[in-house]
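Notes for the structure review
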Amino acid sequence: MDNLINYFLRKDPSESFQEWYADAKKVEQNPEAMTLSTMDQKHNRPDSRTVLFKGMKDNYLTFYTNYNSTKAKELDSNSEACLLFYWHISKRQVRIQGKVKKMSTADSDIYFTVRDRQSQLASYISEQSSPIADKDTLMKKLSDADRKFQGSEVPRPENWGGILFEPYEFEFFVYGDYRINDRFLYKKSHNDWIITRLQP
Ligand SMILES: Cc1cc2nc3c(=O)[nH]c(=O)nc-3n(C[C@H](O)[C@H](O)[C@H](O)COP(=O)(O)O)c2cc1C
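Residues numbered from 1 in each chain as written. Predicted model: local features only at pLDDT ≥ 70, side-chain atom pairs only at ≥ 80, totals over all residues.

Things to note about the overall build of the protein
Looking only at helices and strands, the protein has 6 helices and 9 strands in total. Expressed along its principal axes, the backbone C-alpha trace of the protein runs to roughly 60 × 40 × 35 Å. When each of the 200 residues of the protein is scored for burial, the buried share is 22%. The contacts of the protein with a sequence gap of at least 6 include a subset with a gap of at least 24, amounting to 60%. (Helix = DSSP H or I, 4+ residues; strand = E, 2+ residues; numbered from the N terminus. Buried ≥ 20, exposed ≤ 12 C-beta atoms within 10 Å, placed from the backbone. Contact = placed C-beta atoms within 7 Å.)

Now the structure itself:
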């Protein structure tokens, strides 16, 4: 196929993704920020927000969140999702379609324990995506939890943990001069990946 496949893309898109991510980490300010899109089934409309990529686990991309949040509820009712990385300085974009499931509690525990205490407390007190009267109420919840766990570990809330995203489609995009962009689509077919070059 196209010689670009040999020089910057692999047969396995997860390998290419990890190489691109390593490149992005050298130059980008927030390489780990990715847009997660889900389907809001209730209103039959798409929904997006930023989450932080926390690395690959086997062939899954991982991130962490509150399992009662809007995104988690949307993923409970439709496990199909889309992740989008945009790396401005690198002039690259990666769009990834896949299906999600929850990480094991043991693996969520491992990550929770390495987070700094403030982040642990924030996860402990936040009923993410639920309304709250004002900031003071939020800060009081935080200081109460801080006091409660003085001298002890903050426990991982049951409703907070990792999400495993299993990709079945990747599109790698490189911004080109005069909009002559390079785009490569990988579609999973059984255990193989079919690669197609797309027009800009
Ligand atoms: C740079 C950045 C990183 C974020 N990382 C996460 C994250 O890793 N996990 C998370 O649950 N929310 C993260 N958020 C907050 C989400 O964008 C979002 O506001 C929140 O998760 C609630 O979304 P939801 O109501 O759709 O569930 C991040 C926001 C920004 C701006």
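Some points on the site of the ligand
Taken together, 14 residues are adjacent to the ligand, and Thr65, Ser69, Thr70, Lys71 and Ser129 come closest. Among the secondary structure elements, those contributing two or more residues to the shell around the ligand are β2 (45–52), β4 (60–66) and α3 (70–77). Looking at the shell around the ligand, its residues break down into 5 nonpolar, 7 polar and 2 charged. (Near = placed C-beta within 6 Å. Nonpolar A, V, L, I, M, F, W, Y, C, P; charged D, E, K, R; others polar.)

What about the packing of helix α5 (residues 117–125) against helix α6 (residues 135–148)?
The N-to-C vectors of α5 and α6 enclose an angle of 120°; their axes lie 9 Å apart at closest approach. Here α5 runs over α6; the crossing is right-handed. The segment α5 lies against α6, with Leu121, Tyr124 and Ile125 engaging Lys141, Leu142, Ala145 and Asp146. Of the residues in the contact of α5 with α6, the class split is 5 nonpolar, no polar and 2 charged. (Axes fitted to C-alpha atoms, helices over the stretch in contact; angles between N-to-C directions. Left-handed = near helix turned anticlockwise from the far one by under 90°.)

So, the nonpolar core
The biggest cluster of nonpolar side chains holds 26 residues, and the ones touching the most others in it are Ala81, Leu83, Val94, Val100, Ile163, Phe165 and Phe170. Mapped onto this core, the elements with two or more residues apiece are α2 (13–27), β1 (33–40), β4, α3, β5 (80–87), β6 (92–102), β7 (160–174) and β8 (182–189). The element that contributes the greatest number of residues to this core is β7, accounting for 5 residues. Once residues within four sequence positions are removed from consideration, leucine 83 is found in contact with Met34, Leu36, Leu61, Ile96 and Phe165. (Core = buried A, V, L, I, M, F, W, Y, C linked by C-beta atoms within 7 Å.)

A look at the pairing of β6
For β5 and β6, the ladder comprises 8 bridges, and the chain directions are antiparallel. Among the inter-strand pairings, phenylalanine 85 is bridged to a residue of β6, identified as valine 94. Relative to β7, β6 runs antiparallel, the two being bridged by 11 bridges. Note on β7: the bridge partner recorded for arginine 95 is glutamate 171. (Pairing = 2+ DSSP bridges.)

Let's talk about α6
With 14 residues, α6 extends 20 Å between its outermost C-alpha atoms, agreeing within 8% with the 20 Å of an ideal straight helix rising 1.5 Å per residue. Of all 14 residues in α6, 0 are buried, a share of ten percent or less. (Expected span 1.5 Å × (residues − 1).)

Some remarks on α2
In a regular helix each residue adds 1.5 Å, so 15 residues correspond to 21 Å; α2 covers 21 Å between its end C-alpha atoms and thus fits that length. Among the residues of α2, Pro13, Ser16, Phe17, Trp20, Tyr21 and Ala24 are the ones counted as buried. What you see down the axis of α2 is that its buried residues fit within an arc of 135°, all on one side. Across from the buried face of α2, at angles greater than 90 degrees, the exposed residues are Glu15, Ala22, Lys25 and Lys26. Its buried side turned inward, α2 meets β5, β6, β7, β8 and β9 (192–198). (Arc of directions from axis to C-beta.)

With respect to the environment of arginine 117
One can find arginine 117 in helix α5. Note: C-alpha distance between arginine 117 and aspartate 146 (29 residues apart in sequence) is 9.1 Å.

What about unusual backbone geometry?
Positive phi, close to 55°, is recorded for aspartate 58, a residue that is not glycine. Considering the arrangement of structural elements, one finds aspartate 58 in the loop between β3 (56–57) and β4. Despite not being glycine, tyrosine 178 has its phi angle at roughly 55°, a positive value. Tracing the backbone shows tyrosine 178 in the loop between β7 and β8. In this structure tyrosine 178 comes out as exposed when scored by C-beta crowding, with 6 C-beta atoms within 10 Å.

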